[in-house]
Amino acid sequence: MMGRPPRRDVTFARRATSAWAFGAALAAVTIGLAAPGPALGWGRNAHRAATRVAESRLTPEARAAVRELLEPGESLVDASTWADENSRNIPGSANWHFVNVPIASPRYTPADCRGNCVVSRLEEFRRILADRNAPRARRQMALRYVVHLVEDAHQPLHVGDRRDRGGNNVQLTFFRDDFTNLHQVWDSGLLREGYRGERALADALFDLARLPAARDWTKGGVEDWVNESLEAARQAYKVPGSGETLRSGMRIGREYEEANLPVATRRLAQAGVRLSEILNEALMPPRKNAVPAPHFPRPGQSRPVPTPPPAGIRGNG
Ligand SMILES: [Zn+2]
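Residues numbered from 1 in each chain as written. Predicted model: local features only at pLDDT ≥ 70, side-chain atom pairs only at ≥ 80, totals over all residues.

(A) Structural context of the nonpolar core. Residues Val146, Leu205 and Val226 are the most contacted members of the largest nonpolar core, which totals 74 residues. In terms of residue count, the dominant contributor to this core is helix 13 (residues 254-282) (ten residues). The residues contacting Val146, other than those within four sequence positions of it, are Leu122, Phe125, Arg126, Leu129 and Ile278. (Core = buried A, V, L, I, M, F, W, Y, C linked by C-beta atoms within 7 Å. Buried ≥ 20, exposed ≤ 12 C-beta atoms within 10 Å, placed from the backbone. Helix = DSSP H or I, 4+ residues; strand = E, 2+ residues; numbered from the N terminus. Contact = placed C-beta atoms within 7 Å.)

(B) Examining the sheet that holds strand 4 (residues 177-181) more closely. Taken together, the three strands give an open sheet; going across it, the order is 4-3-5, and neighbouring strands pair in mixed fashion. A strand with exactly one partner marks an edge of an open sheet, and here the two such strands are strand 4 and strand 5 (251-252). Both strand 3 (residues 171-174) and strand 5 contribute to a ladder of two bridges, which runs parallel. If you follow Thr173 over to strand 5, its bridge partner there is Arg251. Across the face of the sheet, helix 10 (residues 182-194) comes into contact with strand 3 and strand 4 while running at roughly 95 degrees to strand 4. (Pairing = 2+ DSSP bridges. Axes fitted to C-alpha atoms, helices over the stretch in contact; angles between N-to-C directions.)

(C) Representation of unusual backbone geometry within the structure. Despite not being glycine, Arg163 shows a phi value in the positive range, around 55 degrees. Inspection of the secondary structure puts Arg163 in the loop between strand 2 (160-161) and strand 3. On the neighbour-count criterion, Arg163 (9 C-beta atoms within 10 Å) is exposed. Even without glycine at this site, Phe175 takes up a positive phi of about 50 degrees. For Phe175, the position within the fold is in the loop between strand 3 and strand 4. Judged by the 16 C-beta atoms lying within 10 Å of it, Phe175 is partly exposed.

(D) Region of interest: the confidence of the model for the protein. This prediction gives the protein a mean pLDDT of 84; 78% of its residues lie at or above 70. Confidence over residues 1-38 falls short of pLDDT 50; this stretch has four contacts with residues more than four positions distant or in other chains. The low-confidence segment residues 296-317 (pLDDT under 50) makes 32 contacts with residues lying over four places distant or belonging to another chain. (pLDDT = per-residue confidence, 0-100.)

(E) Up close: helix 10. The principal kink in helix 10, of about 45 degrees, is found at Ser188. Every buried residue of helix 10 is listed here: Leu182, His183, Gln184, Val185, Trp186, Asp187, Gly189, Leu190 and Leu191. Packing partners of the buried residues in helix 10 comprise helix 3 (44-56), strand 3, strand 4, helix 11 (198-209), helix 12 (222-236) and helix 13. (Bend = angle between axes of the 7 residues up to and from the residue.)

(F) Molecular detail of the environment of Trp186. Counting through the fold element by element, Trp186 comes out in helix 10. When the C-alpha positions of Trp186 and Gly41 are compared, they lie 8.6 Å apart, and in sequence the two are 145 residues distant. Residues contacting Trp186, with those up to four places away along its chain left out, are Gln155, Pro156, Leu157, Ala236 and Ala264.

(G) Spotlight on helix 13. In this model, helix 13 (29 residues) spans 41 Å end to end at C-alpha, consistent with the 42 Å of a helix rising 1.5 Å per residue. Along helix 13, the helix axis deviates most sharply at Asn260, where the bend reaches about 40 degrees; the proline Pro262 sits within four residues downstream. (Expected span 1.5 Å × (residues − 1).)

(H) Geometry of the environment of Trp225. Tracing the backbone shows Trp225 in helix 12. Separated by 106 residues in the primary sequence, Trp225 and Val119 place their C-alpha atoms 9.6 Å from one another. Not counting the four nearest positions on each side in its chain, Trp225 is found in contact with Ala153, His154 and Arg274.

(I) Up close: the packing of helix 10 against helix 13. As a packed pair, helix 10 and helix 13 sit with axes 10 Å apart at the nearest point and diverge in direction by 105 degrees. Judged on the interaxial angle alone, helix 13 and helix 10 are roughly perpendicular. Facing helix 10, whose interface residues are Trp186, Leu190, Leu191, Glu193 and Gly194, helix 13 presents Glu257, Asn260, Leu261 and Ala264. Taken together, the residues of the contact of helix 10 with helix 13 sort by class into five nonpolar, two polar and two charged. (Parallel < 35°, antiparallel > 145°, perpendicular 65-115°, else oblique. Nonpolar A, V, L, I, M, F, W, Y, C, P; charged D, E, K, R; others polar.)

Structure follows, in structure tokens:
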């Protein structure tokens, strides 16, 4: 007789939870509602849409390695939100999603990171991912974090800070939302206002990633990306059309969206393109280490026009 797939058994076991476990889960939900955890970066649609751009640009070798490292049925797009969904189970990991750089600083310095921020963690996870001798479980977790943290590093308010937890302490009204803050506006508010769901956002990202200007995005590294985020954060803190800084109690809407939605969209498109480069390089087969991956030539070589992805993989609504 054919055995049931193991995943089904797991599901069944979870359903047969004791009253105690149910109570504990309910308590966790209740606590979650009463005291929401810190904002951990772009919302779900943003991560998923940016990852679709990256996924469409993977080399066949990187694509195969991703399939091998992730669980059956888990796509790279699914993996992109794993770090947020599991942050409570990984003590201390909340700091890995951002770096607080004072908004008046000219640029990021390692002193901002103190060895435990999105910059240092991204480098560490990238090393583990590229290490073929590392255990599969470690590389699997590294892959999930690399995807997520490349994207978080592109969120301007995961970098720029005015001693207000990256805008989390700036309480605002954004359109009809009276109970939001500047950080949340950037994580999800702007994108929710601008795009009708993940597919529409992904379409916008694919359009940007196809423009000739996108070819310049692949220069530089993590520190350059956070410096771009810092620059964008300086504008994010401003009342549009004036030099005034946003303060708690203010109301923002259409004007703020017009000034900042294009920035948020571009940041996500950049994250997607750069993520594909990182994955293609880290997951290159050893025998090809000496030559560049086929569609990511070294400086000086010409770059072929990227193939547009088939419509079917551009979003799931
Ligand atoms: Zn995050």
